[in-house]
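# Working through the structure, step by step
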Amino acid sequence: ISKAYNFPVMDEARLKAALSLLDDESPVVRQELFRALTNLGDSLETRAEAHLRSLTPEARRQFQLILRRARREQFLGNWFAWLSENGELARLEKAMTGLAWLGLGAPGLTLPARLDRLADEFTLERLPASPESVMDFLFRLKGLRGAVNDFHNPDHSNLVRVLETRRGLPLALTRIAILVSDRRGFTLQGLPTP
């Protein structure tokens, strides 16, 4: 591969040069760009953000494809890490954080902090630690609701997106209630139904 397409050290100038090649039609160039850009790991999104406005629409589309592919590969390589967590709810939260990251990138990693903030807000309301109080807090005071359409939209299962939009599938809303309750020191369990 030509040295022009080899980016062993990705300083800002090289990053800009790599991003400018994203709309190149050569599969060899695209494969090398994928390798070089994914070597940046989690910093890729934040470092590339300043350069994206100057790219062509096709280059921006290719960048999004690279991000999705890189996230998917990293996700699949790390997916079973949640099994090593101690406790069922820690495993649930780790798995949900991983899925949120797969869909959203860096913002998906904020799930634990968002759940902490909800639990703190619950405490500030001085509500009793009970399932009824958590439900009242989440669904009346915080305005969480079930999704009313587009049920196959992955955002309705992504807990970060559910907390942002206040809309989600029943299973996602249940997971939020369970994880908030756990932070306040009591157990909330879903009922298995046929």
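Structure report, in brief. Bear in mind the structure is a predicted one, so any value in this text is a computation, not a measurement. (Residues numbered from 1 in each chain as written. Predicted model: local features only at pLDDT ≥ 70, side-chain atom pairs only at ≥ 80, totals over all residues. Heavy atoms only, no water.)

Looking now at the overall build of the chain. Assigned secondary structure in the chain consists of nine helices and two strands. Counting only C-alpha atoms and orienting by the principal axes, one finds that the chain spans roughly 65 × 35 × 35 Å. Residue burial in the chain is summarised as follows: out of 194 residues, 35% are buried. Long-range pairs, those at least 24 residues apart, make up 54% of the contacts in the chain with a sequence separation of at least 6. Surface exposure of the chain reaches about 11,600 Å², of which carbon and sulfur atoms provide 55%. Taking the average place of the 27 positive charges on the side chains of the chain and the average place of its 24 negative ones, the gap between the two points comes to 2 Å. (Helix = DSSP H or I, 4+ residues; strand = E, 2+ residues; numbered from the N terminus. Buried < 20%, exposed > 50% of the residue type's maximum accessible area, 1.4 Å probe, protein only. Contact = heavy atoms within 4.5 Å. Areas by Shrake-Rupley, 256 points an atom, 1.4 Å probe, with all protein chains shown as cover. Lys, Arg positive; Asp, Glu negative; His and termini not counted. Charge placed at Lys NZ, Arg CZ, Asp CG, Glu CD.)

The next thing to look at is the packing of aromatic side chains. Centre-to-centre distance and the angle between the planes together describe a pair of aromatic rings. Enumeration over the complete set of coordinates arrives at three aromatic pairs. For the ring pair Trp79 and Trp82, a centre distance of 5.7 Å and an interplane angle of 55 degrees mean the geometry is tilted. You can call Trp79 partly exposed: its relative accessible area is 24%. Taken together, the ring pairs connect Phe75, Trp79 and Trp82 into an aromatic cluster. Just above the ring of Phe34 sits the side chain of Arg69; from NZ or CZ to the centre is 3.7 Å. (Phe/Tyr/Trp six-rings, centres within 6.5 Å; stacked < 30°, edge-to-face > 60°. Lys NZ or Arg CZ within 6 Å of the ring centre and 35° of its normal.)

Below, the discussion takes up the packing of helix α6 (residues 111-124) against helix α9 (residues 170-183). α9 packs onto α6 with a crossing angle of 65 degrees between their chain directions and a minimal axis gap of 9 Å. When the axes of α6 and α9 are compared, the pair comes out roughly perpendicular. Along this stretch, α6 crosses α9, giving a crossing that reads as right-handed. From α6, Pro112, Leu115, Asp116, Leu118 and Ala119 reach across to α9, where they touch Ile176, Leu179, Val180 and Arg183. Class assignment for the residues of the contact of α6 with α9 results in seven nonpolar, no polar and two charged. (Axes fitted to C-alpha atoms, helices over the stretch in contact; angles between N-to-C directions. Parallel < 35°, antiparallel > 145°, perpendicular 65-115°, else oblique. Left-handed = near helix turned anticlockwise from the far one by under 90°. Nonpolar A, V, L, I, M, F, W, Y, C, P; charged D, E, K, R; others polar.)

For Arg114, the position within the fold is in helix α6. In terms of polar contacts, Arg114 uses its side chain to reach the side chain of Thr110, at 2.6 Å. (Polar contact = N/O pair within 3.5 Å; in protein donor to acceptor, adjacent residues only side chain to side chain.)

You can see Val28 is positioned in helix α2 (residues 27-38). Among the residues examined, Val28 registers a relative accessible area of 49% and is labelled partly exposed. A C-alpha to C-alpha distance of 54 Å links Val28 and Arg140, two positions 112 residues apart in sequence.

Okay, α9 next. The end-to-end C-alpha distance of α9, which contains 14 residues, comes to 20 Å, matching closely the 20 Å that a straight helix rising 1.5 Å per residue would cover. Three or more residues of α9 are buried, namely Ala172, Leu173, Ile176, Ala177, Ile178, Leu179, Val180, Ser181 and Arg183. Considering only its buried residues, α9 is in contact with α5 (88-104), α6, α7 (131-141), β1 (145-146), α8 (159-165) and β2 (167-168). Downstream of α9 by one or two residues, Gly185 has phi in the positive range, about 90 degrees. (Expected span 1.5 Å × (residues − 1).)

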